[in-house]
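# Survey of secondary and tertiary structure
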Amino acid sequence: MSNTTTPITLTITQELGGMRLDQALQRLMPEHSRSRIQGWIKDGLVTIADEATTSKFKVWGGEKVQIVPQAAPDSHAFEPEDIPLDVVYEDDHILVINKPAGLVVHPAAGNWSGTLLNALLHHAPQLKDVPRAGIVHRLDKDTSGLLVVAKTLAAQTNLVRQLQARTVKREYRTIVWGQVWRNGKVDQPIGRHPHARTKMAVNRMGKPAVTHYEVLDRFGVHSYMRCLLETGRTHQIRVHMQHLKAPIVGDPVYGIRGILPLRHMSEHLKEVLLNFKRQALHAIRLGLKHPATGVAMEWQVELAADMKVLLEAMRVETMPAEESENFMIYNEDHAYEYDEDDDYDEDDDWLDEEDEE
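Let me begin by describing the structure that accompanies this report. (Residues numbered from 1 in each chain as written. Predicted model: local features only at pLDDT ≥ 70, side-chain atom pairs only at ≥ 80, totals over all residues. Heavy atoms only, no water.)

## A short note on the packing of helix α6 (residues 267-274) against helix α7 (residues 305-315)
Taken N-terminus to C-terminus, the directions of α6 and α7 make an angle of 155°; their axes are 9 Å apart at the nearest point. By the angle between their directions, the pair α6 and α7 is classed as roughly antiparallel. In the packing of α6 onto α7, the handedness of the crossing is left-handed. Across the interface between the two elements, H268, L269, V272 and L273 from α6 touch V309, L310, A313 and M314 from α7. Split into classes, the residues belonging to the contact of α6 with α7 amount to seven nonpolar, one polar and no charged. (Axes fitted to C-alpha atoms, helices over the stretch in contact; angles between N-to-C directions. Helix = DSSP H or I, 4+ residues; strand = E, 2+ residues; numbered from the N terminus. Parallel < 35°, antiparallel > 145°, perpendicular 65-115°, else oblique. Left-handed = near helix turned anticlockwise from the far one by under 90°. Contact = heavy atoms within 4.5 Å. Nonpolar A, V, L, I, M, F, W, Y, C, P; charged D, E, K, R; others polar.)

Next up, the structure:
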């Protein structure tokens with residue numbers, strides 16, 4: 001969707017002589033912020049004598065400046081868009097969606113359109129009168145699965161209260177690195193990472209967070225897990241699995257940052273893993289009380305197709321028992337950890353994984 005508007009031409013007045021171009025334009029166009037004008041200049045949308053320039057360019061008066069103004073990036077954030085939705089359940093009060101990986105839930109910087117919110121406004125136009133188009137909880141962009149949306153203000157209020165009371169049941173499936181040998185829970189507070197403000201971390205100054213986990217299957221160097229949320233903090237399962245030393249496969253933020261044990265995997269599994277481009281996390285089951293009737297309701301969907309493919313590749317994987325024992329060691333503090341004392345030859349088939357933001 002283009003947000004380009006009609007070009008306009010302004011003449012720098014004499015009293016603005018000696019100013020930087022961005023300062024002068026902000027005086028002439030007070031309805032626009034200086035940072036927005038600087039963005040237009042940087043993008044080549046501001047020219048003097050048909051030539052692009054910089055914000056620091058000094059004007060002396062009399063220059064004719066052509067500007068191609070653009071709307072603010074968030075100007076289309078709450079517009080309906082015809083984006084397909086996988087609707088699992090719908091009535092006059094709620095809507096349950098099976099969200100695909102890759103779909104952002106709510107508009108934000110870098111994702112002002114193409115979100116679940118835009119899709120909801122197209123699917124149910126009355127949601128324009130409900131805050132956040134009825135969204136009461138979120139899934140990360142690359143987490144798939146079930147999410148409930150309120151279609152009325154009363155339903156939204158009720159669902160928020162259920163979430164606050166921790167009575168909404170949310171079950172996730174995930175595939176993690178390492179052989180996790182026991183079931184348990186992580187009861188560790190989560191807050192902003194002290195050094196990377198875009199990340200979350202186990203932080204004693206954070207909010208209480210509890211994740212229950214159960215091992216469903218173990219493979220050569222992976223485990224298939226069920227996770228139940230008692231709380232709903234940002235990136236909770238991803239952070240808690242990292243804390244267990246069992247990071248989620250494919251997680252670009254909290255996943256494995258160093259070497260991958262390709263030596264212990266079949267060629268097919270290597271290929272599937274290297275082409276798996278998101279965190280292996282899926283919200284498979286959702287339970288709550290209907291906000292209008294009070295009746296307990298529950299929905300469950302199949303595992304996401306890409307995670308099914310990944311699991312099938314892992315099920316045919318083989319690893320000699322002695323190698324499995326040398327690769328991971330179990331202790332009482334963590335579900336598993338790498339044996340840091342183990343020596344590997346430089347010619348072993350291990351892959352250095354690039355760091356990603």
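From this point on, the discussion continues.
## Notes on the pairing of strand β5 (residues 87-90)
Summarising the sheet, β5 and strand β6 (residues 94-99) pair through three bridges and their orientation is antiparallel. Paired with V87 across the two strands is I97, which belongs to β6. In this antiparallel pair of consecutive strands, β5 and β6, the connection spans three residues. (Pairing = 2+ DSSP bridges.)

## Quick look at the pairing of strand β12 (residues 210-218)
Here strand β9 (residues 184-187) runs beside β12; their pairing, made up of four bridges, is antiparallel. Residue pairing across strands places D187 opposite V210, the latter belonging to β12. Two strands pair when backbone bridges link them, and β12 and strand β13 (residues 222-229) are joined in this way by seven bridges, in the antiparallel orientation. Counterpart to V215 in the pairing with β13 is M225. Connecting β12 to the antiparallel partner β13 that follows it, the hairpin turn spans three residues.

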